[in-house]
Amino acid sequence: MPELVTIGYVPTRRNNFSVSAALHYKERIAEQIRKAPVRLVDIEDINEEGLLLRQEDVPKVIEKMRRENVDALFFPHCNFGCEGAVGQVAAAFSVPVLLYGPRDDAPDETGMRSRDSQCGLFASGKVMRRHNVTFSYIVNVVPEDERFLRGFERFARVTAVVKTMQNIRVLQIGPRPGDFLSVMANESELMEKFGVQVFPITLTELELEMRRIQKEEPEALSKVSQFIETHYQGAGAERKEPRETLAAMKLAIRNFAEQFRCNCACIQCWTAMQESMDIYPCAVNSMLADECFPVACETDICGAISAMLIQAAAGNGTPHFLADLTIRHPEKENVELLWHCGAFPSAFAKDKGACRITEAWDGNPQCGNCAWELQNGDITICRFDGDHGEYSLFLGEGRGIDGPHSRGTYVWFEVGDWPAWEYKLVLGPYIHHVAGTYGKVADVLYEACRYIPGLKADPAEPGEAELLLRLRS
């Protein structure tokens, strides 16, 4: 199960509006957000109302949220709210912040208004800016409106992306292939700007660990080998030698990841590996992708980071795939082939019963490549990359559709205006590698970039105007 983000639930009110109405809406809002897959930390023990309204409660709220190590803060304005206290609490943290107020009731028969929640949100928004606090916002609707829960759940996934970016540890297995200058990454800059840490090992170290596993851990090796034999077809699954080599490699990568506490990897998948181990690692990358552990091909550190971000945007329970942008459809103007030698997860296969581990896609007799087509449906792709000290996140949405057969793992990807995508990608700072997942999560990635210093969102489709419309819908 993916780890849940922890969100501080800090409802607020102001004294000269209805207390009973504020308490009523505090409970209505809580009832809705308890449906979301998050861990909530409330302030019921801070005062008798469980609402932020007094200056004396500010340090207590801050202390509790720090103790609970919250990943984000949510300030529902149950009436006008106390913008001063809200701003002070938010400014004490460097986490995503969400503002919301339930749509106000009509004035009563005497003309009195009970809450003025919307009015208070204008005040709190200004105070957040005064404190240099980046914040998100859900439009002024009642708690039961689907826009509210959708907005809250989206904010939770934004929080997951931000948290993921702050905790990326990449296991680098071997140097990049010599000709792949495009995948070069500035390791020190990634650490200084984003906290990304890279832990390098050599292919020799990987091979030695594989040999140790084959000698000392026969039961673990047999279990993975049997899984491969049961779940896949083709020579790589049917023949014992490549099957056990792949099993040993999968266990070895997992062992090194545990040793260095890495949550993703990149690997020098060719050509030295074929010369020393007589295998391609694509099937291993695929199996680990099914387990939501990214392994980027061609030692692409930024590719591994891209996969981590898009996985978090999808909720950290949905796999990713890492693809080459390869060729345009021979007949359709706005369709591109997303492809790789076999790194795609079988979870996304159009026919899960026909997943094959094969000889190399280019005719090389060595095993380890995979072959299957991915399913049709909504797809989001992204690419984290940069140069000259500036970093951006390319992102966009399209659909997987039927298309001509290709070797390897693949899906034909249809968008509204592929030449516009291609133009943006070639101008850079991007390359031919992208991370993808199923579903529409471009809005999550776009919003998350606002919370990641030094990272600029670079949407292709939907464009910025449409993404902002989605964020308030």
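Scoring rules and cut-offs
- Residues numbered from 1 in each chain as written.
- Predicted model: local features only at pLDDT ≥ 70, side-chain atom pairs only at ≥ 80, totals over all residues.
- Heavy atoms only, no water.
- Helix = DSSP H or I, 4+ residues; strand = E, 2+ residues; numbered from the N terminus.
- Buried < 20%, exposed > 50% of the residue type's maximum accessible area, 1.4 Å probe, protein only.
- Contact = heavy atoms within 4.5 Å.
- Areas by Shrake-Rupley, 256 points an atom, 1.4 Å probe, with all protein chains shown as cover.
- Lys, Arg positive; Asp, Glu negative; His and termini not counted.
- Charge placed at Lys NZ, Arg CZ, Asp CG, Glu CD.
- Pairing = 2+ DSSP bridges.
- Core = buried A, V, L, I, M, F, W, Y, C linked by side-chain atoms within 4.5 Å.
- Right-handed = clockwise from strand over helix to strand, strands pointing away.
- Axes fitted to C-alpha atoms, helices over the stretch in contact; angles between N-to-C directions.
- Parallel < 35°, antiparallel > 145°, perpendicular 65-115°, else oblique.
- Left-handed = near helix turned anticlockwise from the far one by under 90°.
- Nonpolar A, V, L, I, M, F, W, Y, C, P; charged D, E, K, R; others polar.
- Polar contact = N/O pair within 3.5 Å; in protein donor to acceptor, adjacent residues only side chain to side chain.
- Disulfide = S-S within 2.5 Å.

> Break down the overall build of the chain for me, with residues and values.
Scanning the chain for helices and strands turns up 16 helices and 18 strands. With the principal axes as the frame, the chain shows a C-alpha extent of 85 × 55 × 45 Å. Counting all 473 residues of the chain, 58% fall into the buried class. Taking as baseline every contact in the chain between residues at least 6 positions apart, the subset at least 24 positions apart corresponds to 77%. Of the roughly 20000 Å² of accessible surface on the chain, 49% is carried by carbon and sulfur atoms. Of the side-chain charges in the chain, 50 are positive and 67 negative, and the distance between the mean point of each set is 5 Å.

> Before we move on, can you summarise the sheet that holds strand β6 (residues 169-173) with the specific residues and values?
Reading across from one edge, β7-β6-β8-β9 is the order of the four strands in this open sheet, with parallel pairing throughout. Bordering the open sheet on either side are β7 (197-201) and β9 (295-296), each of which pairs with just one other strand. Bridge count between β6 and strand β8 (residues 264-267): four bridges; the pairing is parallel. In the strand pairing of β8, isoleucine 173 is matched with isoleucine 267.

> So, unusual backbone geometry: which residues are in play, and what are the values?
For residues that are not glycine, phi is negative in most cases, and the peptide bond is trans in most cases. Backbone torsion omega between tryptophan 270 and threonine 271 reads 5 degrees, so that peptide bond is classified as cis. Looking at the element boundaries, threonine 271 is found in the loop between β8 and α11 (272-277). One non-glycine residue, asparagine 69, adopts positive backbone phi at about 55 degrees. For asparagine 69, the location among the structural elements is in the loop between α2 (58-67) and β3 (72-76). Unlike most non-glycine residues, aspartate 116 shows phi in positive territory, near 55 degrees. Within the secondary structure, aspartate 116 sits in the loop between β4 (97-100) and α4 (117-130).

> Which residues make up the nonpolar core, and what values do they have?
Nonpolar side chains tend toward joint burial in soluble globular proteins. Within the largest apolar cluster, 66 residues are counted, with the highest numbers of intra-cluster contacts made by Phe74 and Phe384. In terms of residue count, the dominant contributor to this core is helix α13 (residues 301-313) (ten residues). Within the second largest apolar cluster, 63 residues are counted, among which are Cys262, Val295, Phe344 and Ile379.

> I'd like to hear about the pairing of strand β17 (residues 433-438), residue by residue, with values.
Counting buried residues along β17, six of its six residues qualify, which places the element largely inside the surrounding structure. Because side chains alternate across β17, one face comprises the buried residues His433, Ala435 and Thr437, and the other comprises Val434, Gly436 and Tyr438, equally buried. Sheet topology places strand β10 (residues 321-328) next to β17; four bridges connect them, and they run antiparallel. Bridged to alanine 323 within β17 is valine 434. For strand β14 (residues 377-387) and β17, the ladder comprises four bridges, and the chain directions are antiparallel. Its bridge partner being in β17, isoleucine 379 is matched across the sheet by tyrosine 438.

> Break down the pairing of β7 for me, with residues and values.
Where β6 meets β7, five bridges bridge the pair, whose relative direction is parallel. Across the sheet, valine 170 pairs through a bridge with valine 198, a residue of β7. Read as a crossover between parallel neighbours, the route from β6 over helix α6 (residues 187-194) to β7 is right-handed.

> With reference to specific residues and values, describe the sheet that holds β4.
Pairing in this open sheet of five strands is parallel, and the strands run β2-β1-β3-β4-β5 from one edge to the other. Two strands lie at the open edges of the sheet, namely β2 (39-41) and β5 (136-137), each paired on one side alone. Bridge analysis of strand β1 (residues 6-9) against β2 gives three bridges, and the strand direction is parallel. Among the inter-strand pairings, glycine 8 is bridged to a residue of β2, identified as valine 41. Across the sheet, α4 touches β3, β4 and β5, and the angle it forms with β4 is around 160 degrees.

> Describe the side chain of serine 136, and please don't skip the residues or the numbers.
Here serine 136 shows up in strand β5. When residues no more than four places from it in sequence are discounted, the contact partners of serine 136 are Val97, Leu98, Leu99, Phe155, Glu447, Arg450 and Tyr451.

> Go over the packing of helix α7 (residues 203-216) against helix α10 (residues 240-260) with me, naming the residues and quoting the values.
Interaxial distance between α7 and α10 falls to 8 Å at its minimum, and their mutual angle equals 110 degrees. By the angle between their directions, the pair α7 and α10 is classed as roughly perpendicular. Regarding α7 and α10, the two cross each other, and that crossing is right-handed. Only Glu244, Thr245, Ala248, Met249, Leu251, Ala252, Ile253, Asn255 and Phe256 of α10 make contact with α7, whose side of the interface consists of Glu205, Leu206, Glu209, Met210, Arg212, Ile213 and Gln214. Among the residues making up the contact of α7 with α10, the classes are represented as nine nonpolar, three polar and four charged.

> So what's going on with the environment of arginine 383? Which residues, and what values?
Here arginine 383 lies in strand β14. Exposure remark for arginine 383: the relative accessible area of 1% places this residue in the buried category. Along the backbone, arginine 383 and alanine 272 are 111 residues apart, and their C-alpha atoms lie at a distance of 27 Å. Residues within four places of arginine 383 in sequence aside, it is in contact with Asp300, Cys302, Gly303, Ser306, Ser392, Leu393, Phe394, Tyr430, Ile431, His433 and Val434. A polar side-chain atom of arginine 383 sits 2.9 Å from a polar atom in the side chain of aspartate 385. Polar side-chain contacts of arginine 383 include one of 3.4 Å to the backbone oxygen of histidine 433.

> Describe the state of the cysteines, naming the residues involved and giving the relevant values.
Overall, the coordinates contain zero disulfides when judged by the stated rule. Just so you know, cysteine 302 is unpaired, no disulfide at all, and the nearest cysteine sulfur is the one on cysteine 266, 9.6 Å from it. What makes cysteine 302 buried here is its relative accessible area of 3%. The thiol of cysteine 370 is not disulfide-bonded; the next cysteine sulfur, from cysteine 282, is found 6.5 Å away. Residue cysteine 370 is classed as buried on the basis of its relative accessible area, which comes to 1%.

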